[in-house]
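Chains, contacts and geometry: an overview
Spelled out, the chains give:
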Amino acid sequence: MLFSLLHSPCATTILTIWKETRSRKWTMIGALILLGFVFLVTFLVATTVRYFS
């Protein structure tokens, strides 16, 4: 659920990057950075919850 909540704004941001730059390179860099952040946050939250439960 957390991934879905964080991913939706990412999709909008990626689309905005494409519209502003019209560059595949910057769109892909933006997508990878944002998705990497989402995976990291989701992983850290899941690990923390498993640790305390």
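Residues numbered from 1 in each chain as written. Predicted model: local features only at pLDDT ≥ 70, side-chain atom pairs only at ≥ 80, totals over all residues. Heavy atoms only, no water.

Quick look at the packing of aromatic side chains
The way to describe two aromatic rings as a pair is by their centre distance and the angle between their planes. We apply this condition: Paired rings are identified among Phe, Tyr and Trp, the last through its six-membered ring, by centres lying within 6.5 Å, and are further divided according to the angle between planes into stacked (under 30 degrees), edge-to-face (over 60) and tilted (the rest). By definition, any uninterrupted DSSP run of H or I lasting at least four residues is a helix, any uninterrupted run of E lasting at least two residues is a strand, and each is numbered from the N terminus. For the exposure calls, accessible area comes from a 1.4 Å probe over protein chains only, and a residue counts as buried if that area is under 20% of its type's maximum, exposed if over 50%, partly exposed in between.
Taken as a whole and assessed by the stated rule, the structure comprises two aromatic pairs. The interplanar angle of 40° and the centroid separation of 5.2 Å between the aromatic rings of F3 and F39 together place this pair among those described as tilted. Highlighted residues: F3 in helix α1 (residues 2-21) and F39 in helix α2 (residues 24-52), separated in sequence by 36 residues. Residue classification places F3 among the partly exposed positions, given a relative accessible area of 28%. Given the relative accessible area of 53%, F39 is considered exposed. A ring pair is formed by Y51 and F52, whose centres lie 5.0 Å apart and whose planes are at 80°; its orientation type is edge-to-face. As far as the burial class goes, Y51 and F52 line up, both exposed.

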